[in-house]
Amino acid sequence: MMKLAPKVLTGSLHPANKGACDWGWQGMLAHGSQSFVVVIDPKTVQNIQVLEGHKANVTKLKWAHESYHHDIGSPYMLRLASADTTGTIIVWDVAQGYIKAEFSEGSRSIQDLQWVSGQDASRDLLVALHPPYSMIVWNADTGTKLWKKSYTEPLLSFAFDPFDPKQVAFLGQDCIVFIHDFTITRVPSSNGKKFYISSPSSPGNVNNNAERRESSTLAKRVSRILVGEVKQSSNKSVEESVNLNECIQLVYHQACRHHLILLYPRELLILDLEINQTVGTIPMERTGSPFTQILSCRQRDALMCLHDNGSVTVRVRRKTNVICTPASEGTGAFDDTPPQVSLDVAYDLRCQSDPMRLTKHSKVLGVAMSPVTERGVALIMSDSRVIFWEIKTINVMDNNVNNQAFSSPLYTPGVSLTDFSQLTINNKPEAMAKLPILSDVPYPRLTMADLIGQSQNTMSDSVAIQPKHTVVMKLLLTGLISGVMGHVSVLRMCPPMTTKNWSYFQPLLALGTQTGYIQIYNLSSGQLVKEYSVHTSIIRGIEWVNLNSFLSFSFPNPGTNNLVKNEVMLVDVVSGKMTPVRKYKGEESPIEFIKVSCLKQYFAVCFKDQPFELWDMKTLTLLREMPKRFPTVTALEWSPSHAIKTLKRRLLQRHESPPTNQEAPPGPAITAITDPSGSDSKNALRSPAKEHVIITDSESVVYHFIVEGSTITDSSKIPAEPGMAVVNSIAWKGDQIIFGDVEGHINIWDLKNKKSKYFPTNRGWVKKIRFAPGRGNMRFLAMFSSGLEIWDAVEGKSLYSIKTPKEMSRIIDAEWSCSDKPVITTEDGCVRVMDLKLTTASAAVEERDLPEPVFCPHLLSSKAALLLKCLLQHQPWKTEFSLKLEGMEESDAELEKSINQQLEVLDHELSDYLPVCKFGTAHRCLLVARLFGDESETHFWTVALHYLRTNKISPISKPPSRVSSQTESSSDVFVPGTPGKETSELDLEKDTPQSSSISEEFRDQPLERCYDVLCDKESFQKYQLDRVALHDSKRATYEHTKKCAENYILLGQTDRAVQLLLETESENDSYYVDSLLACLVASIRSSGASQSTIKLVATNLIANGRLSEGVQLLCLIDKGLDACRYLQTYGVWHQAAWLAKASLQFSEYSEVMKRWADHLCGPHANQKSKAVLVMLSLGQFLKVVEMLYGMRHFDRAVCFLEACMEFGLLEKTEETSPLFEAVYLEYARYLTNLRHRKAAEYYCELAGDKGAQFLKEVEILFG
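Residues numbered from 1 in each chain as written. Predicted model: local features only at pLDDT ≥ 70, side-chain atom pairs only at ≥ 80, totals over all residues. Heavy atoms only, no water.

J.: Would you explain the environment of Trp-732 in this entry?
T.: Looking at where Trp-732 falls in the secondary structure, it is placed in strand E48 (residues 727-733). Among the residues examined, Trp-732 registers a relative accessible area of 9% and is labelled buried. Each C-alpha atom, one on Trp-732 and one on Ser-639, is 6.5 Å from the other, the two residues being 93 residues apart in sequence. A distance of 3.3 Å separates a polar side-chain atom of Trp-732 from the backbone oxygen of Gly-734. (Helix = DSSP H or I, 4+ residues; strand = E, 2+ residues; numbered from the N terminus. Buried < 20%, exposed > 50% of the residue type's maximum accessible area, 1.4 Å probe, protein only. Polar contact = N/O pair within 3.5 Å; in protein donor to acceptor, adjacent residues only side chain to side chain.)

Rendered as structure tokens:
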């Protein structure tokens, strides 16, 4: 059944829509178009929703985060926030198409918009930056303001630190403002720390300044970047005091903690906020196109950059010389000789999309990246096009690696190099043989992390080089969707659906544009069907001949003589064939309108200043040209009733039946002119039937003519109605004729009762009158310059109206799309299908007739989405994994149907792989989390699967053996070949017995750096040593040197710490203290007497507010655990976790991390989900199950429990049985709520005595 719901077809974007786009975890792309919000499904590349509600142009858009646990009370839903130029913020329920909340503060455009994440307390909080400098936290559910903070500097945008939700960075007009105490419960206490950019130019052009030559060292001249709380004095050079106003974007690095990215048109700066300095720059090539926007990836250390010419570049972190030892003496900041190898953060250009042909009407207004895959990129163009690019990888031979232009090749992660055919799996222990599941089904590489391995090797320098799978990245164009082209000048709906054409009818709307193009839209789906370049100038009118063809006419704007060259074209919609009509006509009066008769035998061409012409529709020949004395026609209408009666009479006389072809649409238009429905028939009448037509002249006299063949008979002439001005529009249906004049009067004739009613509307010129289709439907629309009205012809009164431009943009044209939905096009280039009351052009997504089914659990009911997830994650109650739901109760038939429809549209690669996931339930849950766009589940299962695999090889609590720490058979992390290390490759080949092949399959590459302290100890320590070495190479001030020395002490690198302490200049006030500290560090020994003294001093220092100094002393005497405890006592939780992970053994750092997890679970922090990840990283799997149970995340708890049992890391014992049974019981209750009886009964049987009791309740409930 055809659905024709209210909807909007959007056109060109407004310049204010720039940057108003976002790609959400839900898998949907949203962008602003004029005052509308367009929602696109990138997988099927189709519009699924257009939201109408803003009164001004949309400037900002943000999808809500999915970083919470989903259940019946917190379902999957499409929630979106948008803001416009008047400062109004709207929160939408996208699936239903309605406004959940609307609020505003002031009337100026919103500068920036972000949802609050990083805490479990509330997911309904929205932060908005209101001009000029006010930050407001809103409750997006209720529209209430929680707090407002006004700063002193005008602010342009802001960014939350993804690693620490308390940290916020603002981009001002000439500075950056940092606040470190953002919370949802209270207003930030200070105005933040203000920093100014010292020199965003590259160091190469600094030597020309005399003032800079006075600097004592090279480091002081070039490396300082964030300066002061005090703005630079005016006597500085112009070059040095470059303002920040050239900065076009500020964003936190998503993969590296403490890193901030500043984007300039010609360069990109990466700042390390621990040292307030640039640690990397990406300069734009001299001939390259300037940067306009940057997107930071999380799964891999990569950046996607949009350029001014519309191209997208992907840059991946270069493998720098990662080191385990500090810089040698004499290579510090005060040595002018540059180091041999740069430690700077650097990125290699890996691929680039083709530049686009941009014009003043076609510019890139936005770019968005898929947060789930980080492979897809969408460009939003000002001409309404949305272009989708996707990163692909192409395999290359390893021996070609050295020939590449890149400094290091890219490798795919986790490529299996084991030949399973040679393995004898039965010889393995039973638990080991269960996983990994060996299969020939290829792994679906759906994300950036699946395509390329980590660019930075975090393993030790002695890691053996293994054969690897080398790839090259490419950006491929995968989708294009466009809206209404240009400005619409006219629209016309195809003939209505009848009993004869319903089997193949499509509600097609023809739009004519000012550039001569005609677009055909299917109003049921909202999709563009065809597009034709028909004329060279503005389309003036379109008239459908039947369902398959239409006439269009066009002429340029008239000159001084008011004569034009008219173009008339007959277009076949199916074939695209265009047949010119009236080919040999010269300059003449402009055509006013064309009207096709009801039986499609004739069409009349009416002109502005000359008599009309009558044409034969079948042969496209001129039948009659009215004499010059014939009055000028102002309006014309063919009779519907006479035509149909005549046709029926003819058909009865010839004993012919109506056409029976319902298979396909009819053939060419001009062969079927006698069928009122437009269908092709062999029974077409050979002799023309009489048709009736009425016309009005400039005196408002009504003429009635009868047309038969080429003869026109004047039947009657009716004088003008008193009070009527010049009639310019007529509509005729049944016994009702409606006249509209240039002064806004409407005259209704009732032919049956011979009555005439006259209505002054006081709205000015009646531009158009149209009856609604449908038998007995006597509603009609009247279009005015000031709006639109819906009338009832029988009652003679206006039912509904809309005024322009007060309520919407000025209306250009209007039609009926069906019997109860008018369709209008407005000055903003949009086409609206409205409800009968003219109040809305939005509807629920389920009411739209989408041509291609969409996989989106967020569009399902709460129960359906959760049951679908449950089915995809695991099916232990079935002997075989199946992607079909069966056996539901009759009352749940609709639920079963909706779930099976979603399962049918699953990606084939994924649906083939899910039953045979290599690492069982945990692996499947990770894939399903990505499929659902579930942020919380994705992070949980990424960490869980990594530590399950790691613990399978060797429990974390045991010190890693030499082989386990140095072998990386499947991680494909690249290590550059260096002299003296090649023998390790040979040694490894000898030391890898076949018996460990399956075990090696469990080996995983390290977690990406975005997981910070959750990464494994070895990787984390290595990364921190690399960072402190980089900081060392960047030293420019005493404070910076002191910070480096402190970090070296904490990390146990005492020799380098001594070197840095001894560099303190004698004029410095701290010279004596630093010298003594250097002596202490150099001479420290773990003797009992000195230890107790130092510990006493450290304790006193901490007690007197010198926390940092006390912690350093404790680390010197190997009391790192005590140091961490003090840091935690004083609330420096992350620093304690950092120190523990970087310097302590497992038994000690696990104590610190457990205490941190307890703190995260507390009401002050309220980050239980993060605490669970911390416990996962410690391998405390039983505790994780207990925590998930306590958080009521029963579905996640059961899946994790099953995963642990599959890996052989947990088993049911007398001690663990109560917890396991409690989890199973609650999950059985959960499944009962989801109406899945078989699964609920299965878990009841696992849940012991209480499960048996609940099983009886289940049987009663479903019985």
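J.: Which parts of the structure should I look at to understand the environment of Ser-525?
T.: The residue Ser-525 is located in the loop between strand E34 (517-522) and strand E35 (527-533) in this model. Judged by its relative accessible area of 7%, Ser-525 falls in the buried class. Expressed as a C-alpha distance, the spacing of Ser-525 and Leu-4, which sit 521 residues apart in the sequence, is 8.0 Å. When residues no more than four places from it in sequence are discounted, the contact partners of Ser-525 are Lys-7, Arg-848, Asp-849 and Pro-851. Only 3.2 Å separates the side chain of Ser-525 from the backbone nitrogen of Gln-527, close enough to count as a polar contact. (Contact = heavy atoms within 4.5 Å.)

J.: I keep staring at the nonpolar core and nothing clicks. Help me out?
T.: One broad rule of soluble globular proteins: the nonpolar side chains tend to lie buried together. Of all hydrophobic cores here, the largest spans 135 residues; its most connected members are Leu-872, Ile-899, Phe-940, Trp-941, Leu-1139, Leu-1176 and Phe-1200. In terms of residue count, helix H26 (residues 1217-1233) provides more of this core than any other element does, nine residues in total. When neighbours within four sequence positions are excluded, Ile-899 is seen to be in contact with Ala-864, Leu-867, Leu-868, Leu-871 and Leu-885. Core analysis: the next-biggest nonpolar cluster, separate from the first, contains 33 residues, Phe-36, Val-50, Ala-814 and Met-834 among them. (Core = buried A, V, L, I, M, F, W, Y, C linked by side-chain atoms within 4.5 Å.)

J.: Honestly, the packing of aromatic side chains in this entry has me stumped. Any pointers?
T.: In this description, a pair of aromatic rings is defined by centroid distance and the angle of the planes. Within this structure, the stated rule accounts for 36 aromatic pairs. For the ring pair Phe-940 and Trp-941, a centre distance of 5.0 Å and an interplane angle of 90° mean the geometry is edge-to-face. The exposure classification of Phe-940 matches that of Trp-941, with both residues buried. The interplanar angle of 55° and the centroid separation of 6.3 Å between the aromatic rings of Trp-941 and Phe-1200 together place this pair among those described as tilted. Residue Trp-941 is found in helix H10 (residues 935-953), and its partner Phe-1200 is found in helix H25 (residues 1194-1206); the two are separated by 259 residues along the sequence. (Phe/Tyr/Trp six-rings, centres within 6.5 Å; stacked < 30°, edge-to-face > 60°.)

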